[in-house]
Amino acid sequence: MKLHEYQAKELLARYGCAVPKNAGIATTPAEAKAAVEALGGRGVIKAQVHSGGRGKAGGIKVAKTPEEGETYADTILGMLLKTVQVPEGIVVEKVLIEEPVSIEKEYYLSIVPDRNTRRNVIILSEQGGMDIEEVAEAHPDAIIRLMIDPLEGVRDYELREAVAEANFAPASANKIVTFIRQLITAYNTSDAAMMEINPLAITSDGRVIAADAKIEIDDAAMFRHPEFAAYAEGNHEDALEAEAAKDDIAYVRLGGNVGVICNGAGLTMTTMDEVKRAGGEPANFLDVGGGAQAERVAKCLNLVLSDPNVKGVLINIFGGITRCDEVAKGVIAASQMIEIKVPIVVRLAGTNAKEGAEILASSNLISADTMQNAAEKIVSLVKAA
Ligand code: GDP
Ligand code: MN
């Protein structure tokens, strides 16, 4: 789960990591104006979306008066922020209003798991503020890595050496080492899968603070963190994905127009490949799971059809524990609940496939006997529409 910047900073502050003073979140220009006033008349207005590169995209502005804050918030709120990371854009619903800090130097600091060494690694770079991938490409030696031993942790001298090797200002070394220690504790305690501070700012008054913060919590550890439940709410970038998550349906929205419903992740991936091979673009990944009952299938079909981009649906089921007749009943039930305006191609194989086919025969759904055949049918129907 990704946290928004304001949530990430709230979490970091609990572990003692210095963050800029903030006046909270605003969803209206008037709230933004009041927030800038509360900060003493100046404030940074920052778009809260899950993407880096907001600054370059126009999602971060420094307001020198409350009125300016109001104007900036008016521009940023509701805008489709197109960043390098998310070129199709994300609509900004919230802005964070923070104390403007006078930044002397911008560094890069992160902790992420390193799969090769099976350790968490601290990454430091003097070239902060910009995309770390760019730095890695252009100046690979400007990136310093320090592995964290899972049993021993890191020693202070190792941190000091890494900070020196990264060419961080010696005058700030003590504060930076302290900051990294606190970040490690925050990372471990919250079962994070990534913590990135870019930039870690040295201010003109000598403070070391997180000017930006990105945090991802390991989804598999969420059960240990009831305190993050509030962050999970409304944290889905996509309303349909949020809806699916409520029912424990594995659903990922994609850019295409062919809705895909299958059982099992492997079959779903293969079916998506077949759609592509037939010249189509999948609109989503949806795995109904094993042993799906009619009601669940109906829910899934509803979900896929709620995406306005979907111009046709391919249902591909291999019945093992899942019974094809149950799936067929679900599809029929869904088609009675909602008006279906797009073609639906169904391919059923395995347990009770024959019974399933009989149930579907009386409907206006199109059946197919092989996966390739089904993919070709739906793609040509979508193209013809
Ligand atoms: P990102 O573009 O999404 O990574 O957002 P950041 O929070 O990293 O902001 C981008 C850039 O805006 C930073 O690298 C800073 O140069 C600048 N910036 C952000 N907050 C402040 C601030 O409080 N004061 C000043 N002077 N610059 C800021
Ligand atoms: Mn940043």
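Analysis parameters
Residues numbered from 1 in each chain as written. Chains lettered and ligands numbered in written order. Predicted model: local features only at pLDDT ≥ 70, side-chain atom pairs only at ≥ 80, totals over all residues. Heavy atoms only, no water. Near = heavy atom within 4 Å. Polar contact = N/O pair within 3.5 Å; in protein donor to acceptor, adjacent residues only side chain to side chain. Areas by Shrake-Rupley, 256 points an atom, 1.4 Å probe, with all protein chains shown as cover. Helix = DSSP H or I, 4+ residues; strand = E, 2+ residues; numbered from the N terminus. Domains from an automatic or database assignment. Disulfide = S-S within 2.5 Å. Phe/Tyr/Trp six-rings, centres within 6.5 Å; stacked < 30°, edge-to-face > 60°. Buried < 20%, exposed > 50% of the residue type's maximum accessible area, 1.4 Å probe, protein only. Donors = N, O, S within 2.8 Å, 3.2 Å for Na, K, Ca; no water. Contact = heavy atoms within 4.5 Å.

1. What about the site of ligand 1?
No. 1: Taken together, 18 residues lie near ligand 1, and Lys46, Arg54, Gly55, Val101 and Glu106 sit nearest.
No. 2: Separating an oxygen atom of ligand 1 from a side-chain N or O atom of lysine 46 is a distance of 2.6 Å.
No. 3: In this structure, a nitrogen atom belonging to ligand 1 sits 2.8 Å away from a main-chain N or O atom of valine 101.
No. 4: Burial of ligand 1 by the protein amounts to 78% of the accessible area it has alone, namely 560 Å².
No. 5: The set of elements that each furnish at least two residues to the shell around ligand 1 consists of strand S3 (43-47), helix H3 (54-57), strand S8 (103-114) and strand S11 (192-203).
No. 6: Summarising the domain contributions, the shell around ligand 1 has at least three residues from each of domain 1 (21-98) and domain 2 (103-227).

2. Overview of the state of the cysteines
No. 1: Evaluation of the coordinates by the stated rule reveals 0 disulfides.
No. 2: Between cysteine 300, a cysteine without a disulfide, and cysteine 262, which holds the nearest cysteine sulfur, the sulfur-to-sulfur distance is 11 Å.
No. 3: No disulfide involves cysteine 324; its sulfur sits 12 Å from that of cysteine 262, the nearest cysteine.

3. Some remarks on the packing of aromatic side chains
No. 1: Throughout the structure, instances matching the rule amount to 2 aromatic pairs.
No. 2: Pairing tyrosine 107 with phenylalanine 168 gives two aromatic rings, centres 3.9 Å apart and planes at 15°, and the pair type is stacked. Of this pair, tyrosine 107 sits in strand S8 while phenylalanine 168 sits in the loop between helix H6 (156-165) and helix H7 (173-189), placing them 61 residues apart in sequence. Phenylalanine 168 carries the same exposure label as tyrosine 107, and that label is buried.
No. 3: When the ring of phenylalanine 228 is compared with that of tyrosine 231, the centres are 5.8 Å apart and the planes differ by 15°; the resulting orientation is stacked. With respect to class, phenylalanine 228 is no different from tyrosine 231; both count as buried.

4. A look at the coordination of the manganese ion (ligand 2)
No. 1: Protein coordination of the manganese ion (ligand 2) is provided by Asn198 (O) and Asp212 (OD), with donor distances spanning 2.2 Å. Residue asparagine 198 is located in strand S11, and its partner aspartate 212 is located in the loop between strand S12 (208-210) and strand S13 (214-217); the two are separated by 14 residues in the primary sequence. This pair shows no difference in class: asparagine 198 is buried, exactly as aspartate 212 is.

5. Comments concerning the side chain of asparagine 263
No. 1: Topologically, asparagine 263 is positioned in the loop between strand S15 (258-262) and helix H10 (265-277).
No. 2: Looking at asparagine 263, its side chain comes within polar contact range of the main-chain oxygen of phenylalanine 318, at 2.8 Å.
No. 3: Separated by 3.5 Å, the side chains of asparagine 263 and threonine 322 make a polar contact.
No. 4: Contact partners of asparagine 263, with chain neighbours within four places excluded, come to Thr268, Asp287, Val288, Gly289, Asn316, Ile317, Phe318 and Thr322.

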